[in-house]
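# Residue-level structural notes
Below, each chain spelled out in residue letters.
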Amino acid sequence: MRHAQVDYGPADALLVVDMQNDFCEGGALAVAGGNALVAGINAEIAGARAAGALVVASRDWHPLDHVSFAHRGGPWPVHCVQDTPGAAFHPDLDLDDATLRVSKACAFDADAYSAFDGTGLAGYLRERGIERVIVCGLALDVCVRATVLDARREGFTTLLLESLSAAVDPEAVEDCRAAFAEAGATVQTRS
């Protein structure tokens, strides 16, 4: 999966969505192809850093007994529980101390899919002068989708790196593309 590297600048933020152990192969809620994304995402992180762009990594950070878990009536198996190995970022992901880490879905009684949902991220990005958000990660049809759509709702120019994202349901990708186009987001596919 090759793609053309983004031309970053200081008004850009690269937003890496939920590249956590539980969402990669071997995890509690694994997305096929998750591990294979890391090298390409690391190249984007390096390019963003070199150009003075902000690097942001979002993560599910659920309390034990979160409302989204099946045993509480939610749709998902237990995953990304705070301070567990499954909630940790993929060990090969190149996150340094300057990477902004954003935790979502931290309350017992509320779920959140978007990196913008209840995190204050949009206001922070505006304060930093960010105009464009470049999104990649997991899962394309769940948290990446919600993040892309919220980035547009918040008024950011938004670019999805589709080749650096993977879907839980590959058949949902076309619907995602249509939603992104309707929202005014740009999708960069393989090149």
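Please read all numbers here as calculations on a predicted model, not as lab measurements.

## Description of the packing of helix α3 (residues 140–153) against helix α4 (residues 173–183)
Direction vectors running N to C along α3 and α4 enclose 5 degrees, while the axes themselves pass 10 Å from each other. Here α3 is positioned roughly parallel relative to α4, judged by the angle of their axes. Note on element contacts: α4 touches α3 through Val173, Asp175, Cys176, Ala179, Phe180 and Ala183, opposite Leu140, Asp141, Arg145, Val148, Leu149 and Arg152. Looking at the contact of α3 with α4 residue by residue, the class counts come to 8 nonpolar, no polar and 4 charged.

## Describing the sheet that holds strand β4 (residues 132–138)
Spatially, the 6 strands line up as an open sheet ordered β3-β2-β1-β4-β5-β6, and their pairing is parallel. Where the open sheet ends on each side, the last strands, each with one partner, are β3 (100–104) and β6 (186–188). Direction aside, the axes of adjacent strands within the sheet are offset by 25 degrees on average. Direction of pairing for strand β1 (residues 12–17) relative to β4: parallel, over a ladder of 6 bridges. By the bridge assignment, Asp12 is partnered in β4 with Arg132. Lying on the sheet, helix α1 (residues 38–50) is in contact with β1, β2 (54–60), β4 and β5 (157–166); it crosses β1 at an angle near 155 degrees. In the packing of α3 onto the sheet, contacts are made with β1, β2, β3, β4 and β5, and the angle to β5 comes to roughly 170 degrees.

## Things to note about α4
Burial in α4 covers these residues: Val173, Cys176, Ala179 and Phe180. One side of α4 holds all its buried residues, which, seen down the axis, span an arc of 120 degrees. Pointing more than 90 degrees away from the buried face of α4 are the exposed residues Glu174, Asp175, Ala181 and Glu182. Close packing links the buried residues of α4 with α3, β5 and β6. With its phi angle positive at about 90 degrees, Gly184 sits one or two positions after the end of α4.

Criteria and thresholds
Residues numbered from 1 in each chain as written. Predicted model: local features only at pLDDT ≥ 70, side-chain atom pairs only at ≥ 80, totals over all residues. Heavy atoms only, no water. Axes fitted to C-alpha atoms, helices over the stretch in contact; angles between N-to-C directions. Helix = DSSP H or I, 4+ residues; strand = E, 2+ residues; numbered from the N terminus. Parallel < 35°, antiparallel > 145°, perpendicular 65-115°, else oblique. Contact = heavy atoms within 4.5 Å. Nonpolar A, V, L, I, M, F, W, Y, C, P; charged D, E, K, R; others polar. Pairing = 2+ DSSP bridges. Buried < 20%, exposed > 50% of the residue type's maximum accessible area, 1.4 Å probe, protein only. Arc of directions from axis to C-beta.

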